[in-house]
Protein chains: 2
Amino acid sequence: MNQIRPSTRDAIIEAAFLVFAENPGAALGDVAARAGVGRATLHRHFPGRLELMRALAKIAMAELDHAVAQATADAQSYEEGFRLSLEAIVPLANRQWFLANEGLQVDDEVAKAYRKSRSELCRDIELAKQEGLFDPALPTQWIAETYESLIYAAWSMVRAGDATSNQAADLAWRTFSNGLKGMSK
Amino acid sequence: MNQIRPSTRDAIIEAAFLVFAENPGAALGDVAARAGVGRATLHRHFPGRLELMRALAKIAMAELDHAVAQATADAQSYEEGFRLSLEAIVPLANRQWFLANEGLQVDDEVAKAYRKSRSELCRDIELAKQEGLFDPALPTQWIAETYESLIYAAWSMVRAGDATSNQAADLAWRTFSNGLKGMSK
DNA sequence: GATTCATGAGACATATATGTCTCATTTGAT
DNA sequence: ATCAAATGAGACATATATGTCTCATGAATC
């Protein structure tokens, strides 16, 4: 063994997303335990809590960006784009949650990128209004808030065992598009 | 001055809701500072963090119950009931949030009451389905999750200064009812 | 004006989380 | 099988939050 095992690092990261989603103030020892790893090992991979949080934020951002880009690569309309994005994000809802609630506070670069992606979301929403997907009279900010909120609602359904990711994403999409519907739909 | 000033206690409680909404792990010193009160004074009113959290949970529960009961006293239908409830809850969204995210973990009695009120919500949703307010094919749990999520979405709008409580509650109501609409509406 | 009591400030001890270090053990590569 | 490196367990010091206490101050009651 001549290098840090990637699997150990991955286990810590996945455990951290799970534990911090339950309790953002959880101790690093809890994260290590959940990962099935010693506390010292966690510190070898991430010097401190801040560095771990930063890494999680960057990973969350990267995974979300990649998943959405992948899913919407061949979308033919904003309607399709939003639907496919929801499907892609719901399974990563814990990333989205961590990013929005913890990530922004620990890394300026991440915060900046998040603001940018939020403004792109708003731009897409306004273009989708022109496509007739949303009621143009609704505030763009409200549509964005609804979008994010329904991701969390879908996440709750999955966690509670009341739906699969796909089922929850479908419910979110139907509620989203019907709830904010424009005239042409 | 021959008794603990109620205003001090109220200031601590209000500050605690504000501070814990921003950061649930905030130190009691932060709460005291926000309340414009010494840390020792906070401990005189609430022996420890747990007791403060418990008090907040009970207060949140009581305020929400009262506000909803008041608002829906003369509702003539489930449609009206849900609309008026939303209007009543949105200004208390920080209570709702605290209750759901922190309160349940610190007080069994509160947790039990919360589960009861959740099951009453689900019962109302099913009755509202019969009234034609919601699509009967939608899972009741999804409707409940959507309801709660839109409260938080509305709260975000208010915090960001993008809407008043009434405006945000109206947006939430329209999105809620349109998004989950039944046939007869 | 005298009294009473909540308050504010700060000292203090304690508990918990954090971060570092050591050393024996295990694991993967050669 | 041997070696190098990562790991686990635990000791240790430190930082921060917590909870208690004391004392001086200020405000309300008499």
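Along each chain, the written sequence defines residue order, and numbers are assigned to residues from 1. To read the labels, note that chains go from A and ligands from 1, taken in the order they are written. This being a predicted model, a pLDDT of at least 70 is required before a residue's local features are given, and a value of 80 or more before pairs of side-chain atoms are given or counted; all residues contribute to the totals for chains, interfaces and linings. Side-chain numbers come from the whole structure's heavy atoms, not from hydrogens or water.

**A few points about the overall build of chain A**
Reasoning step 1: On a plain count of helices and strands, chain A comes out with nine helices and zero strands.
Reasoning step 2: In terms of overall dimensions, chain A has a C-alpha envelope of 60 × 35 × 30 Å along the principal axes.
Reasoning step 3: The buried share among the 185 residues of chain A stands at 50%.
Reasoning step 4: Of the contacts formed within chain A by residues at least 6 apart in sequence, a portion of 65% connects residues at least 24 apart.
Reasoning step 5: Accessible area for chain A stands at about 9,000 Å²; split by element, carbon and sulfur atoms hold 49% of it.
Reasoning step 6: A distance of 5 Å separates the average location of the 20 positive side-chain charges in chain A from that of its 24 negative side-chain charges. Elements are defined by DSSP. Helices are runs of H or I of four residues or more, strands are runs of E of two residues or more, and each kind is numbered from the N terminus. For the exposure calls, accessible area comes from a 1.4 Å probe over protein chains only, and a residue counts as buried if that area is under 20% of its type's maximum, exposed if over 50%, partly exposed in between. Residues count as neighbours in contact if any of their non-hydrogen atoms are within 4.5 Å of one another. Calculation of accessible area relied on Shrake-Rupley with a 1.4 Å probe; when residues are assessed, cover is drawn exclusively from the protein chains displayed. This count recognises Lys and Arg as positive and Asp and Glu as negative, with His and chain-terminal groups excluded. By convention, charge coordinates are those of NZ in Lys, CZ in Arg, CG in Asp, or CD in Glu.

**Details of the packing of helix α7 (residues 108–131) of chain B against helix α8 (residues 140–159) of chain B**
Residues and elements named next belong to chain B.
Reasoning step 1: Following both chains from N to C, one finds α7 and α8 inclined at 115°, their axes separated by 9 Å at the closest point. In terms of orientation, α7 and α8 fall into the roughly perpendicular class. Handedness of the α7/α8 crossing: right-handed. Across from Tyr114, Arg118, Leu121, Cys122, Ile125, Glu126 and Lys129 in α7, the residues of α8 making contact are Thr140, Gln141, Ile143, Ala144, Glu145, Tyr147 and Glu148.
Reasoning step 2: Residues that form the contact of α7 with α8 fall into these classes: seven nonpolar, two polar and five charged. Axis definition: a line fitted to C-alpha atoms, over the contacting stretch in the case of helices. Angles run 0 to 180 degrees between N-to-C directions. Throughout this description, any angle smaller than 35 degrees is read as roughly parallel, any larger than 145 degrees as roughly antiparallel, any in the 65 to 115 degree range as roughly perpendicular, and the remainder as oblique. Take the far helix as the reference: if the near one is turned anticlockwise from it by less than a right angle, the crossing is left-handed, and if turned clockwise, right-handed. Ten residues, namely Ala, Val, Leu, Ile, Met, Phe, Trp, Tyr, Cys and Pro, are considered nonpolar, four, namely Asp, Glu, Lys and Arg, are considered charged, and the remaining ones, Gly among them, are considered polar.

**Observations regarding the interface of chain A and chain B**
Reasoning step 1: Contacts between the two partners involve 23 residues from chain A, matched on the other side by 22 residues from chain B.
Reasoning step 2: Summed over both partners, the accessible surface that disappears when two parts come together, traced with a 1.4 Å probe, is what is meant by buried area. Interface area, chain A with chain B, both sides summed: about 1,800 Å², of which 71% is carbon and sulfur.
Reasoning step 3: Broken down residue by residue, the surface that chain A buries against chain B is led by A:Trp142, A:Met157 and A:Thr175, which jointly contribute 31%.
Reasoning step 4: Any carboxyl oxygen of Asp or Glu that lies within 4 Å of a side-chain nitrogen of Lys or Arg is treated as forming a salt bridge with it. Taken together, the links from chain A to chain B amount to zero salt bridges.

**Some remarks on the side chain of B:Arg118**
Residues and elements named next belong to chain B.
Reasoning step 1: Structurally, the position occupied by arginine 118 is in helix α7.
Reasoning step 2: At 2.9 Å, the side chain of arginine 118 forms a polar contact with the side chain of glutamine 141.
Reasoning step 3: Once residues lying within four places of it in the same chain are set aside, the contact partners of arginine 118 are Gln141, Ala144, Glu145 and Glu148. Under this definition, polar contacts are N or O atom pairs within 3.5 Å; protein pairs additionally need one hydrogen-donor-capable and one acceptor-capable atom, and for neighbouring residues in sequence, both atoms have to be side-chain atoms.

**Regarding the relation of the copies chain A and chain B**
Two chain copies here: they are related by a rotation about an axis and a translation along the same axis.
Reasoning step 1: Each copy is superposed on the other by least squares, with the fit set by C-alpha atoms of residues at a pLDDT of at least 70 in both. Between chain A and chain B, which share one sequence, the superposing operator has a rotation angle of 180° and an axial displacement of 0.0 Å; the RMSD is 0.0 Å. Taken together, the turn and the small shift mark the pair as related by a two-fold rotation axis. For chain A, the smallest separation between a C-alpha atom and the rotation axis is recorded for A:Gly179, amounting to 1.7 Å.
Reasoning step 2: Comparing interface residues between copies, 96% of those in chain A also sit at the interface in chain B, which points to an isologous, same-surface contact.

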